[in-house]
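Residue strings, one per chain:
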Amino acid sequence: MAFPLASIASLNSPLIGQTLSVLQEYLPSPAPMLGAIDHRIPMPLKQLAAEAPLNRIFAQAIDDGEFDDFEGRRIRLEVNGGQPGITLGFWAGRLRVIDGPGEATIRGSLAAFKTLAERRQDPDQLFFQRRLVIEGDTELGLGLKNLLDSLDWHLVTLFKRPG
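Since this is a predicted model, take the numbers as computed values, not measurements.

Criteria and cut-off values
- Residues numbered from 1 in each chain as written.
- Predicted model: local features only at pLDDT ≥ 70, side-chain atom pairs only at ≥ 80, totals over all residues.
- Heavy atoms only, no water.
- Patch = residues over 30% accessible without salt bridge, like charges linked within 9 Å, V, L, I, M, F, W, Y side chains within 5 Å.
- Areas by Shrake-Rupley, 256 points an atom, 1.4 Å probe, with all protein chains shown as cover.
- Salt bridge = Lys/Arg side-chain N within 4 Å of Asp/Glu carboxyl O.
- Helix = DSSP H or I, 4+ residues; strand = E, 2+ residues; numbered from the N terminus.
- Buried < 20%, exposed > 50% of the residue type's maximum accessible area, 1.4 Å probe, protein only.
- Core = buried A, V, L, I, M, F, W, Y, C linked by side-chain atoms within 4.5 Å.
- Pairing = 2+ DSSP bridges.
- Axes fitted to C-alpha atoms, helices over the stretch in contact; angles between N-to-C directions.
- Contact = heavy atoms within 4.5 Å.
- Arc of directions from axis to C-beta.

S.K.: Mind laying out a nonpolar patch on the surface, listing which residues take part and the relevant values?
M.R.: Together, Ile41, Leu45 and Leu48 make up an exposed nonpolar region whose accessible area comes to about 290 Å². With respect to the helices, strands and loops of the structure, Leu48 is situated in helix H4 (residues 43-57). Residue classification places Leu48 among the exposed positions, given a relative accessible area of 65%.

Here is the structure:
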């Protein structure tokens, strides 16, 4: 009988935690497989899946005008190797998922993006350690990084239902 990895992680043993960290570090990246899947998902489906949760997570900041400096701008978040990735824009008071390149690209490993999203490490550390890299319009990329770092947001909001 297979023993699920999630139940192993829930044992909270330091040895198990360290073992899982080593495995995550050295197992092959799932990025190529995710990239192949990403190419097959139509843009309207990506928009449907991502726009509402993103706008819900950042609703207060959007209402407060925190994103106004990004009006009409495009930024791409990309896993090392180019795929998967997502290009985001801000138009008419909403974050939008769009097709195409960004004016700036933030690139890194899946683990680095996960660390950033979970707010387990200071974003500046991830950039200084070169785990995340900004290319293109670096002023735009740094502006977004600084904005996200200054906001009080949590991934838990992503999974809450509106209402």
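S.K.: How would you summarise the nonpolar core if you had to cite specific residues and measurements?
M.R.: Looking at soluble globular proteins, one finds that nonpolar side chains tend to be buried together. Within the largest apolar cluster, 24 residues are counted, with the highest numbers of intra-cluster contacts made by Phe58, Phe67, Phe70, Ile106 and Leu132. Ranked by residues supplied to this core, first place goes to helix H8 (residues 138-150) with three residues.

S.K.: Lay out the sheet that holds strand S5 (residues 132-136) in plain terms, naming residues and giving numbers.
M.R.: Strand order in this open sheet of five strands is S3-S2-S1-S4-S5, and the pairing throughout is mixed. Every other strand in the sheet has two partners, leaving strand S3 (94-98) and S5 as the edge strands with one partner each. Averaged over all pairs of adjacent strands, the angle between strand axes in this sheet comes to 25°, irrespective of strand direction. Note: strand S1 (residues 74-79) against strand S2 (residues 85-91), five bridges, orientation antiparallel. Paired with Glu78 across the bridge in S2 is Gly85. Most of the contacts of H4 go to S3, to which it runs at about 155°, and overall it touches S2 and S3.

S.K.: With reference to specific residues and values, describe the pairing of S2.
M.R.: Of all seven residues in S2, five are buried, a share of seventy percent or more. As paired strands, S2 and S3 are joined by five bridges and run antiparallel to one another. Across the sheet, Leu88 pairs through a bridge with Val97, a residue of S3. Linkage of S2 to S3, two consecutive antiparallel strands, is achieved through a turn of two residues, within which Ala92 is found at a positive phi near 50°.

S.K.: Help me get a handle on helix H6 (residues 110-117), residues and values and all.
M.R.: By the burial criterion, the buried members of H6 are Ala112, Phe113 and Thr115. One face of H6 carries all of its buried residues, which in axial projection span an arc of 160°. Of the surrounding secondary structure, the elements contacted by the buried residues of H6 are S1, strand S4 (104-108), helix H7 (123-128) and S5. Of the residues flanking the end of H6, it is Arg119, one or two places downstream, whose phi is positive at about 60°.

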